[in-house]
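Examination of the molecular architecture
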Amino acid sequence: VQLQAFGGGLAQAGGSLRLSCAASGRTFTGYSMGWFRQTPGKEREFAGSIRLGRGTIYYSDSVTGRFTISEDSIKSTVSLQMNSLRPEDTAIYYCAASMPYLGRNYRTPDDYDYWGQGTQVTVSS
């Protein structure tokens, strides 16, 4: 299984960036795909997740109303559209895949089985 995140970069406060995560190596039917972010010295923080094929989406309070997750099942990609960016959104963003195990809430890193490399997002004030 391989997850590749791309699309990070530099944006000004109030601007937008779009991250994408390409998944390969197996069929991801029923999987949940999540986006997490991490800054130095802090734990990895949940941003949002989507249950593939079902459209069940969760967002953290800090990104609700500004970030949007979507999937492209044909391309096996999941995107994170980030609008109204703030300096505090600066972080390394990771995509992850979670198998559909009962009891998972898909909001914690421990619920994810596969991780992509991070992509840096920097928001200037």
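The written sequence of each chain sets the order in which its residues are numbered from 1. Per-residue local features of the predicted model are confined to residues with pLDDT of at least 70, and side-chain atom pairs are confined, for both listing and counting, to 80 or more; whole-chain, interface and lining totals are unaffected and use all residues. Remark: hydrogens and water are excluded; side-chain values derive from all non-hydrogen atoms of the structure.

With respect to the overall build of the protein
Selection criterion: A run of H or I in DSSP becomes a helix once it reaches four residues, and a run of E becomes a strand once it reaches two; helices and strands are each numbered from the N terminus. Within these notes, the globule rule equals 2.2 Å times the number of residues to the 0.38 power, and the radius of gyration is based on C-alpha atoms. Think of it in three bands: with a 1.4 Å probe and only protein chains considered, a residue is buried below 20% of the maximum accessible area for its type, exposed above 50%, and partly exposed in between. In what follows, a contact means two residues having at least one pair of non-hydrogen atoms within 4.5 Å. For the area figures, the Shrake-Rupley method with a 1.4 Å probe applies, and any residue is considered shielded solely by the protein chains shown. When charges are tallied, Lys and Arg are placed among the positive residues and Asp and Glu among the negative ones, while His and the ends of the chain are skipped. Charge positions come from single atoms, namely NZ of Lys, CZ of Arg, CG of Asp or CD of Glu.
Of regular secondary structure, the protein possesses zero helices and eleven strands. Computed over C-alpha atoms, the radius of gyration of the protein comes to 13 Å, within 12% of the 14 Å expected from 2.2 N^0.38 for 125 residues, which places it in the range of a compact globule. Looking at the protein as a whole, 42% of its 125 residues are labelled buried. Restricting to contacts in the protein with at least 6 residues of sequence separation, those with at least 24 account for 55%. Counting only carbon and sulfur atoms, one obtains 48% of the accessible surface of the protein, whose full area is about 6,500 Å². Charged side chains in the protein number 12 positive and 10 negative. The centres of these two groups are separated by 4 Å.

Quick word on the side chain of Ser98
Stated precisely, the cut-off is as follows: Polar contacts here mean pairs of N or O atoms no more than 3.5 Å apart (in protein, one a potential hydrogen donor and the other a potential acceptor; neighbouring residues in sequence count only if both atoms are side-chain atoms).
Note on placement: Ser98 falls in strand β9 (residues 91-98). Exposure remark for Ser98: the relative accessible area of 0% places this residue in the buried category. A distance of 3.0 Å separates polar atoms of two side chains, one belonging to Ser98 and the other to Arg104.

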